[in-house]
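Chain and residue survey
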Amino acid sequence: GPSRSLLRTLGDGPDLPDAAVDLNSSNFDRVLKESPAAFAVVEFFAHWCPACRNYKSHYEKVARLFNGPDAPHPGIVIMTRVDCAMKMNTNLCDRFSVGHFPMLLWGPPPKFASSRWDPKQEKSEIQSIDDGRTADRLLKWINKQIGSSFNLDDEKYENENTLPRNDSDPEQIARAIYDVEEATAGAFDIILEHKMIKSDTRVPLIKFFQLLVTHHPSKRCRRGSAEILVNFDDLWPSDLFSVGSQETNVLQERGRLKGYLICGKEVPRGYWIFCRGSKNDTRGFSCGLWVLLHSLSVRVADGESHLAFTAICDFIHNFFICEECRRHFYDMCSSASVPFNTTRDLSLWLWSTHNKVNERLRKEEKALRTGDPRFPKVIWPPEQLCPSCYLSSISKRNGTAQVDWNEDEVFNFLVQYYGKTLVSSYKDASLGRNKSDESVADDIITSTNAVAVPLGAAMAIAFASCAFGALACFWRTQQKNRKQRKKNRG
Ligand SMILES: Cc1cc2nc3c(=O)[nH]c(=O)nc-3n(C[C@H](O)[C@H](O)[C@H](O)COP(=O)(O)OP(=O)(O)OC[C@H]3O[C@@H](n4cnc5c(N)ncnc54)[C@H](O)[C@@H]3O)c2cc1C
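Residues numbered from 1 in each chain as written. Predicted model: local features only at pLDDT ≥ 70, side-chain atom pairs only at ≥ 80, totals over all residues. Heavy atoms only, no water.

An unreviewed UniProt entry lists the protein chain under the name Sulfhydryl oxidase, with Phoenix dactylifera as the source organism. Word for word, the UniProt comment on the protein chain under Subcellular location (unreviewed entry) is "Secreted". Its UniProt record, at the heading Catalytic activity (unreviewed entry), says of the protein chain: "2 R'C(R)SH + O2 = R'C(R)S-S(R)CR' + H2O2". (UniProt positions renumbered as here; feature names shortened; annotations may be inferred.)

Given below as C-alpha cells:
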C-alpha cells in the first residue's frame, strides 16, 4: 500500500535502524557460526568511501527482505557488513583479501567463521558477488544462486508460496533446531515476564532445567541452562518465598538475569523457520514447544524416561500459559499408564498424545477456521514421510481416520527425525571450529549425557535430583558447597 512504500522510502534515511548486521573482528566468527541462515552476504566497505555510502541504500533494501523479525523472508540469507576502515578489522579484511570497496562475498555462514578467502583459491564455498551494483541486480544474483523468486516489494506474509512444506520433506526438520532454541528462550522469557517462579513451581522448574542441561538438542541451550541451573539458588533463593511479600519486580529480575541467556546471545531471534506460519498468529511458539518436547523424549535414557515424563508434564502444567492446553495435557498425563520404563514408551506416549491434540484441533479449526490454512492439522507422520509406519492403509470409521500403526517403525522414525536429523545442519555449523574454553565445557556436558544415576538413589536426594546426569547434580552440589563456605567464612 501507499503507507508501506512511504515507510520504505523513509527507511532509506537515517531514522530506521540498519537491517544489515554490523560485524567486526570481535563478533564476526560467532555471529556467522550461529546464524540459522543457509547463506550469508558479507559486504566489506570503508566508511570514508563515497561509493560505499551511495551503495548503502541498495544493500539495505535487500537486507530488509532477509534480516530481522519483520523481514518477509527471515532465516534464509543473513546480510552483513564489515567496515575495513576500522583498525580492529584490518586482519579480518586481510583474511578475505579485500582489495576494493565495496566488495561482496557469498557463502554458507559457518564457512566464513575462522576461515580465509582468496580470489585465486579454487574450490571454495565462498564466492565473490560480481554483479550486485544495485538492489535489483544483487537480488537477481541471489535469486539465481538459490533458485528463488524473491522480489524487492515482497511484504511479510505475502507470497508465502516460498514457505517450505514440512510434511513431505524429512530434511526440513533440520531447520527446526533454531525454532527449538527460539521456543526455549521464549518459554524462559514468559516465565520471567509473568513471575512464574514461586515456592511451588521452583522444583518443577529445576527438574525441567536438569532435563534441558543434559538432553537439549542444542549445545547453546545446554550450556545456557547449565549456567542458570548452577546459579539457581542465588537467583531464586528458596527462602525468598517463605518470607512472603518479598516480590521482586520484572525489571529487577531481568537485571539480575543479565548474562544468563538460556540459548546464547543470538537467541531469541524474533522469527520462526520450520514453525513459521503463514499468518502472524499461527504456529510459532507452540509448534516449537512440541518439537522441543519430542526432541527431549528421544534423547533420554531408558532409566530416565519416567522422570523425564514427570518433568515434562509438570513443566507444561506449571509454565504453559495456554489454559486449555495445559489442562488437556495434564489430563492426558494423569491418565497415562505409568511408570514409563523405556525411551520408547515415553516417545510413543508423547507422539500419540500429540496426535490426540491434532485430532481434536483438526475438527475445531475446521469449524472455527482458526487454523493455519497452509498447515492443516494432520495425523502424524503422514504416509509420505514414513511409509513403513503404516501397517495398513487408512480406513475411515465414523468419519475419523483410523491408522494401523507399526509402532516399532514409528519409534525408529521418531528417533531418526527428532534425534539425528534435527541436529544435522547444526552439527555442520560447528565443524572445523577451534576448541575454545566454552566448547571444552560443553564437551563435559555432552560426555556426561549418558551418565544416569540409578532411580532409587536419585529419589533419595529429594531436592538436587541427580537423575538427569551427573553434571547437573555436580554443579548444584558445588554451588551449595560454595555458599556454605561463604556462610562459614562470613
Ligand atoms: C503440550 C501442548 C498442548 C497443546 N494443547 C492445545 C490445546 O488443547 N488446544 C489448542 O488449541 N492448542 C493446543 N496446543 C497448540 C497446538 O497443538 C499446536 O501447537 C498449534 O496449533 C500449532 O500447530 P502446528 O500446525 O504448528 O503444529 P504442531 O501441532 O504445533 O506440531 C509441530 C510439528 O510437530 C510435528 N508433529 C505433528 N504431530 C506430531 C506427533 N503426533 N508426533 C510428533 N511430531 C508431530 C509436525 O512436524 C508439526 O509441524 C498445544 C501445544 C502444546 C505444546
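After that view of the structure, there is still more to cover.
**Observations concerning the nonpolar core**
Proteins that are soluble and globular tend to have nonpolar side chains buried together. Formed by 80 residues in total, the largest nonpolar core has its most connected members in Phe 208, Phe 209, Val 291, Phe 329 and Trp 349. For this core, the leading source of residues is helix H7 (residues 176–193), giving nine residues. Listed in part, the 21 residues of the second largest apolar core include Val 41, Ala 135, Leu 139 and Trp 141. (Core = buried A, V, L, I, M, F, W, Y, C linked by side-chain atoms within 4.5 Å. Buried < 20%, exposed > 50% of the residue type's maximum accessible area, 1.4 Å probe, protein only. Helix = DSSP H or I, 4+ residues; strand = E, 2+ residues; numbered from the N terminus.)

**Brief notes about the side chain of His 73**
Along the chain, His 73 turns up in the loop between helix H3 (50–66) and strand S3 (77–83). The buried category is assigned to His 73, whose relative accessible area is 4%. A distance of 2.8 Å separates polar atoms of two side chains, one belonging to His 73 and the other to Asp 154. (Polar contact = N/O pair within 3.5 Å; in protein donor to acceptor, adjacent residues only side chain to side chain.)

**Observations concerning the site of the ligand**
Inspection of the region around the ligand gives 24 residues, with Arg 283, Trp 290, Glu 324, His 354 and Tyr 418 positioned closest. Contact between the ligand and His 294: a nitrogen atom at 3.5 Å from a side-chain N or O atom of the residue. The site holding the ligand turns out to be the largest pocket. Contributions of two or more residues to the shell around the ligand are made by helix H13 (285–297), helix H15 (323–334) and helix H16 (343–368). At eight residues, H16 tops the list of elements feeding residues into the shell around the ligand. In terms of residue class, the shell around the ligand is made up of 12 nonpolar, seven polar and five charged. (Near = heavy atom within 4 Å. 1 Å grid on protein atoms, 1.4 Å probe; cavity = no way out; pocket = protein on both sides within 12 Å on 5 of 7 lines; lining within 4 Å. Sits in = over half its atoms within 2 Å of the grid points. Nonpolar A, V, L, I, M, F, W, Y, C, P; charged D, E, K, R; others polar.)

**Notes on the layout of surface pockets**
Considering only enclosed or pocket space, the largest pocket measures out at about 1200 Å³ in volume. Along its surface, the largest pocket is lined by 44 residues, and Cys 287, Trp 290, His 354, Asn 358 and Lys 377 are the ones closest to its centre. Where the lining of the largest pocket is concerned, the elements lending two or more residues are H13, H15, H16 and helix H17 (407–420). A per-element tally of the lining of the largest pocket places H16 first, with nine residues. (Points joined across faces, edges and corners; volume = space filled by probe spheres on them.)

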